[in-house]
Amino acid sequence: MPKLDKFDIAILNCLQEDARATNVEIAERVNLSPSPCLRRIRNLEKSGLLRGYQADIDRKEAGLGLTVFVELKVGHHTKENSEAQQAALLAIPEIIACHLISGTADFLAEVVVEDLAAYEKVMSEKLLVLPGVVDMRSNFAIRTLKTNGALKLPAPE
């Protein structure tokens, strides 16, 4: 990971607020000239710290009114089983986020679908048939308060 200074932090914060801002706009906001600002952005991208840019789509307006947090427990903990499980989870487009966790479950997946019928289909055709799944619990979001929040970046050293 690159060592971040105040300019890198400021650039990242600007991009979190508006990823469509032009290099000139970002440079003005962080008090750099455009050329060094662009160089810093490219370095952040090249290092992997800045992974990409994406649109923030309103789920409900897009017809995706149901968010489900699914806890998956797998049996037979081996490296091969874990890799197969992870690959299978990554291949399901309805899973928008997935975490390997500690506790009673092994994975926590965030599933976004149109409605309960769509979730039932994902559950029965994609989740319950995953390799090694021995238990699954679904938690339905009643209301979404915040998604894709900006990261509170650490102060520069």
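First, a word on scope: everything that follows refers to the structure included in this document. (Residues numbered from 1 in each chain as written. Predicted model: local features only at pLDDT ≥ 70, side-chain atom pairs only at ≥ 80, totals over all residues. Heavy atoms only, no water.)

## Some words on unusual backbone geometry
A negative phi angle is the norm for most residues apart from glycine, just as the trans form is the norm for most peptide bonds. Despite not being glycine, Asn-31 has its phi angle at roughly 65 degrees, a positive value. Residue Asn-31 is classed as exposed on the basis of its relative accessible area, which comes to 65%. (Buried < 20%, exposed > 50% of the residue type's maximum accessible area, 1.4 Å probe, protein only.)

## Describing the pairing of strand β3 (residues 107–113)
With six of seven residues buried, β3 lies mostly within the body of the structure. Bridge analysis of strand β1 (residues 66–74) against β3 gives seven bridges, and the strand direction is antiparallel. By the bridge assignment for β3, Leu-72 is matched with Phe-107. Two strands pair when backbone bridges link them, and strand β2 (residues 95–100) and β3 are joined in this way by five bridges, in the antiparallel orientation. The partner of Ile-95 across the bridge, within β3, is Val-111. (Helix = DSSP H or I, 4+ residues; strand = E, 2+ residues; numbered from the N terminus. Pairing = 2+ DSSP bridges.)

## Some remarks on the pattern of salt bridges
Overall, the coordinates contain eight salt bridges when judged by the stated rule. Where Lys-79 meets Glu-83, a salt bridge forms, and the shortest distance between an N and an O atom there is 3.9 Å. Highlighted residues: Lys-79 and Glu-83, both in helix α4 (residues 79–90), separated by four residues, approximately one helical turn. The class of Lys-79 is exposed, set by a relative accessible area of 60%. By sharing partners, the salt bridges in this structure join Asp-5, Asp-8 and Arg-40 into a single network. (Salt bridge = Lys/Arg side-chain N within 4 Å of Asp/Glu carboxyl O.)

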